[in-house]
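The chain contents come next:
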Amino acid sequence: MKEKFNELINNANSKRYKTYYKLNQLPQITGLSIRMLKYKMIKIKEKYAGVTSLLDKDGKQWKIHYSIINEFMPINKRKNYTENNYDWQTFVSWNPFENYDKEYHQELIYQIKNEMPDKYIKYTIELDGRGFNHVHFITDGKLPEVKTIVENVIYKYFSWTEISFEATSITNKYNSVNYANKAPIITEII
């Protein structure tokens, strides 16, 4: 039964983007030492045993798929944070149905930041397939508070029929940070 399940998982993952990391590359991403990462690897290799599309041993080196990097993130609060292991909580995106310049979107972000001055926001403004500017940002604010603040700011300027808006809790910090960095026109942490 386990072999059949692993085969199904490997087949499903065969179409995914193939970006792999080695264990010695993870300290820069996670902020953890190699020793701590090796301890985490003991549990992770049991969890992903047989799922070679996500975790595979290539000689003496592990090939770790980017989608499971979150498994290596620290559990406890860190003294030193990196962008990848910071305690990001909420992911927000909006895309107006008409095009607005990047300065317009920046002003909306600054208004949101003024409503939550004690929170960090990492935002990126990028072009969609139509060539229109849109925004993604991550923040350390909790979802209910952030969603209310963003809705209050956005709906001052747009009706709900003029913009696509989404706010969700972050479950995979590494992928969220990576997504926010994918193709920016402007990116900044405020």
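Below, the structure is looked at part by part. (Residues numbered from 1 in each chain as written. Predicted model: local features only at pLDDT ≥ 70, side-chain atom pairs only at ≥ 80, totals over all residues. Heavy atoms only, no water.)

### Brief notes about the environment of Thr19
For step 1, the next point in the chain: Here Thr19 is to be found in the loop between helix H1 (2-13) and strand E1 (20-21).
For step 2, the next point in the chain: The class for Thr19 is partly exposed, based on a relative accessible area of 22%.
For step 3, the next point in the chain: Here the alpha-carbon distance between Thr19 and Lys63, two residues 44 residues apart in the chain, equals 9.1 Å. (Helix = DSSP H or I, 4+ residues; strand = E, 2+ residues; numbered from the N terminus. Buried < 20%, exposed > 50% of the residue type's maximum accessible area, 1.4 Å probe, protein only.)

### Quick look at the packing of helix H4 (residues 102-115) against helix H5 (residues 143-157)
Two numbers describe a pair of packed helices, the interaxial angle and the distance between the axes.
For step 1, the next point in the chain: Remark: H4 packs on H5, axes separated minimally by 9 Å, with the N-to-C direction vectors making an angle of 140°. Considering their axes alone, H4 and H5 lie oblique with respect to each other. When you trace H4 past H5, the crossing you get is right-handed. Counted together, Tyr104, Leu108, Gln111, Ile112 and Glu115 of H4 and Ile149, Val150, Val153, Lys156 and Tyr157 of H5 form the full contact between these two elements.
For step 2, the next point in the chain: Among the residues forming the contact of H4 with H5, the class breakdown is seven nonpolar, one polar and two charged. (Axes fitted to C-alpha atoms, helices over the stretch in contact; angles between N-to-C directions. Parallel < 35°, antiparallel > 145°, perpendicular 65-115°, else oblique. Left-handed = near helix turned anticlockwise from the far one by under 90°. Contact = heavy atoms within 4.5 Å. Nonpolar A, V, L, I, M, F, W, Y, C, P; charged D, E, K, R; others polar.)

### Some details on helix H3 (residues 34-47)
For step 1, the next point in the chain: Here H3 is 14 residues long and its end C-alpha atoms lie 20 Å apart, about the 20 Å a rise of 1.5 Å per residue gives.
For step 2, the next point in the chain: The sharpest bend along H3 comes to roughly 30°, located at Met41.
For step 3, the next point in the chain: Looking at the packing, one finds that the buried side of H3 touches helix H2 (26-30), strand E2 (55-58) and strand E3 (61-65). (Expected span 1.5 Å × (residues − 1). Bend = angle between axes of the 7 residues up to and from the residue.)

### Some points on the pairing of strand E4 (residues 90-96)
For step 1, the next point in the chain: Across the seven residues of E4, seven count as buried, placing the element largely inside the fold.
For step 2, the next point in the chain: Across five bridges, E4 lies against strand E6 (residues 133-139) in antiparallel orientation. If you follow Val92 over to E6, its bridge partner there is Phe137.
For step 3, the next point in the chain: As paired strands, E4 and strand E7 (residues 163-169) are joined by seven bridges and run antiparallel to one another. Opposite Ser93, over in E7, you have Glu166 as the bridge partner. (Pairing = 2+ DSSP bridges.)

That's the geometry; what it means functionally is another story.
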